[in-house]
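# Structural overview for review
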Amino acid sequence: MKSHTDPILQAYLDRLEVALAGVESADRVELVDRVREHYDAASRELPDPTDAQLADILHKLGAPEVVAREMLAISAVRAADGPTLSSKTLWIPLALALAWPLGLMGLVVSTVSSGRERLLLAGVTVVGPLLLTGTFLSPTAFSPSGQGVARLIMGVLWSPATISGLAAGLVLLRRHSQSVGETPSSTKLNVAPIMGAMVLVWLTLVFLARAL
Amino acid sequence: MKEAEADAQLRRGVLEYCVLALLEDQPRYGFELVGLLEQAGGLLGNQGTVYPLLSRMFREGRVRTEWRESRLGPPRKYYGLTDQGRHAVRDFRLAWTRFSAAVNSILEKGVVE
């Protein structure tokens, strides 16, 4: 049995990669992995394969361009279906660029005084964008064997993170409504409502991202 | 060649359901599916086109995937039917029976005036 680094396979995969230009990377990786697996399984069935037999395995698969065309058709349908992973991914740097500086600034100047609330604020500031990032990542980004793990991670993280984020947003908004009555002359900028609103916006984005 | 085009069109239409039908009893991996389709004869033009098809069916929720260890070599990706896939095969089986009976009737006897 010859390994997947056979030059004959590598040449086929190189042509396949070129032909798959324009296909989403998850689909590209998936197809290349399946071709490798097919080649591996087929060549293991041959006791002592000759180069001609190995070439025949790839010949029967069809020209890389033909196989790629099928994948391109699927990717085209996916693009027509709605936002793609790559367009969703654009949100990630935007969310990180906006959320972290705002959150850190908020922590410095906030009237939130108790240690526990500051911890909550810091946690939400860090976790919010990360959660958003994770939500936009396709499970296939963890491909190939991590697909189940990705789902598990999101399943475990999402519900508690959402509940705690919602709680944090409500606590901050409530604190603002209390502090308006108690300390009208405060010289500090009260950013609690801004932070609270930001948390709620994050959660809305996360919810929308998952619903899409 | 028009006959070759018709052949390809027919294959394209039914291949998906043949793959689903092969998964009814048990999950299978790609190379195994290709072997069974080849045994049936005439269903596969290029073996490699099975893999984009499986990707599409996974995206549409008709098949699920899992990794299984192999006695020989690295783990393999197995495909199994979802409930949606199972319903699709069942519906196709009924439609195909009616469709093939109608086509056979025309091909064998012609239109009865």
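Residues numbered from 1 in each chain as written. Chains lettered and ligands numbered in written order. Predicted model: local features only at pLDDT ≥ 70, side-chain atom pairs only at ≥ 80, totals over all residues.

### Examining the overall build of chain B
The following threshold applies: Under the scheme used here, helices are H or I runs from DSSP no shorter than 4 residues and strands are E runs no shorter than 2 residues, and both carry numbers assigned from the N terminus. Here a residue counts as buried when 20 or more other C-beta atoms sit within 10 Å of its C-beta, as exposed when there are 12 or fewer, and as partly exposed otherwise, the C-beta atoms being derived from the backbone. We call two residues in contact whenever the C-beta atoms placed from their backbones are within 7 Å.
On a plain count of helices and strands, chain B comes out with four helices and three strands. Listing every helix and strand of chain B by position from the N terminus yields α-β-α-α-β-β-α. Looking at chain B as a whole, 24% of its 113 residues qualify as buried. By sequence separation, contacts in chain B at least 24 residues apart represent 47% of the contacts at least 6 residues apart.

### Some details on the overall build of chain A
Per the secondary structure count, chain A includes nine helices and zero strands. Reading chain A from its N end, one meets helices and strands in the order α-α-α-α-α-α-α-α-α. Across the 212 residues that make up chain A, the buried fraction comes to 28%. When contacts within chain A are restricted to residue pairs at least 6 apart in sequence, long-range pairs at least 24 apart make up 72% of them.

### Re the interface of chain A and chain B
The condition that has to hold: Classes in brief: Ala, Val, Leu, Ile, Met, Phe, Trp, Tyr, Cys and Pro nonpolar; Asp, Glu, Lys and Arg charged; the others, Gly included, polar.
In this assembly, 21 residues from chain A lie in contact with 18 residues from chain B. Elements supplying a minimum of two residues to the side of chain A that touches chain B: α2 (25-44), α3 (51-61) and α4 (64-81) of chain A. Split by residue class, the side of chain A that touches chain B holds nine nonpolar, three polar and nine charged.

### Here's the deal with the sheet that holds strand β1 (residues 28-29) of chain B
All names here are of chain B. Stated precisely, the cut-off is as follows: Any two strands are treated as partners once DSSP identifies two or more bridges connecting them.
Ordered in space as β1-β3-β2, the three strands form an open sheet in which the pairing is antiparallel. With partners counted over all chains shown, the strands left at the sheet margins are β1 and β2 (63-68), one partner each. Bridging between β1 and strand β3 (residues 76-81) involves two bridges; their strand directions are antiparallel. Looking across to β3, one finds that R28 is bridged to Y79.

### A few points about the packing of helix α2 (residues 30-40) of chain B against helix α3 (residues 50-59) of chain B
Each pair of packed helices can be described by the angle between their axes along with the distance between the axes. Residues and elements named next belong to chain B. Worth spelling out the cut-off: Axis lines are fitted through C-alpha atoms, for helices just across the contact stretch, and the angle between N-to-C directions can take any value from 0 to 180 degrees. Each crossing gets its hand from how the near helix is turned against the far one by less than a right angle, where anticlockwise is left-handed and clockwise is right-handed.
Contact geometry of α2 with α3 gives a least axis separation of 11 Å together with a crossing angle of 115°. Judged by the sense of rotation from one axis to the other, the crossing of α2 with α3 is right-handed. Contact residues: G30, L33 and V34 in α2; V50, Y51 and L54 in α3. When the residues that make up the contact of α2 with α3 are grouped by side-chain class, the tally is five nonpolar, one polar and no charged.

### Focus: α3(A)
Residue and element names in this part refer to chain A. This is how the line gets drawn: Think of it as the arc spanned by the lines of direction from the helix axis to the C-beta atoms.
Turning to α3, its buried residues number three or more, namely I57, L58 and L61. Around the axis of α3, the buried residues are gathered within 85° of arc, so they sit on the same side. Among the exposed residues of α3, those pointing more than 90 degrees away from its buried face are A52 and Q53. Remark: G62 follows α3 within two positions and exhibits a positive phi of approximately 105°.

### Digging into the nonpolar core
Convention followed: Working definition: the nonpolar core is a set of buried Ala, Val, Leu, Ile, Met, Phe, Trp, Tyr and Cys residues, joined through C-beta atoms within 7 Å.
Of all hydrophobic cores here, the largest spans 34 residues; its most connected members are L16(A), L20(A) and M71(A). Those residues in contact with L20(A), other than ones at most four positions away along the chain, are R28(A), L31(A), A68(A) and M71(A).

### Quick notes on α2(B)
If you check which residues of α2(B) are buried, you get G30(B), F31(B), L33(B) and V34(B). Down the axis of α2(B), the buried set is contained in an arc of 155°. They therefore lie on one face. When the buried face of α2(B) is taken as reference, the exposed residues oriented beyond 90 degrees from it are Q39(B) and A40(B). Buried-residue contacts for α2(B) involve α2 of chain A together with α1 (2-22), β1, α3 and β3 of chain B. Directly after α2(B), the chain includes G41(B), whose backbone phi takes a positive value near 90°.

### A short note on the confidence of the model for chain B
Keep this limit in mind: Per-residue confidence from the prediction method is given by pLDDT, with values spanning 0 to 100.
For chain B, mean pLDDT is 91; residues scoring 70 or higher make up 96% of the total. Both scores are given for the predicted complex: the pTM is 0.58, the ipTM 0.89.

### Thoughts on the environment of L31(A)
Along the chain, L31(A) turns up in helix α2. Since 27 C-beta atoms lie within 10 Å of it, L31(A) is described here as buried. Between the C-alpha atom of L31(A) and that of A68(A), which follows or precedes it by 37 residues, the distance is 8.5 Å. The contacts of L31(A), once residues within four sequence positions are left out, are L20(A), M71(A), Y51(B) and P52(B).

### Focus: the packing of α2(A) against α3(A)
All names here are of chain A. Rules: Convention used here: angles under 35 degrees read as roughly parallel, angles over 145 as roughly antiparallel, angles from 65 to 115 as roughly perpendicular, and any remaining angle as oblique.
Packing of α2 against α3 brings their axes to within 10 Å, and their N-to-C directions diverge by 135°. Classified by the angle between their axes, α2 and α3 sit oblique to one another. Between α2 and α3 the crossing geometry is right-handed. Counted together, V35, H38, Y39, A42 and S43 of α2 and L54, I57, L58 and L61 of α3 form the full contact between these two elements. A class-by-class count of the residues in the contact of α2 with α3 yields seven nonpolar, two polar and no charged.

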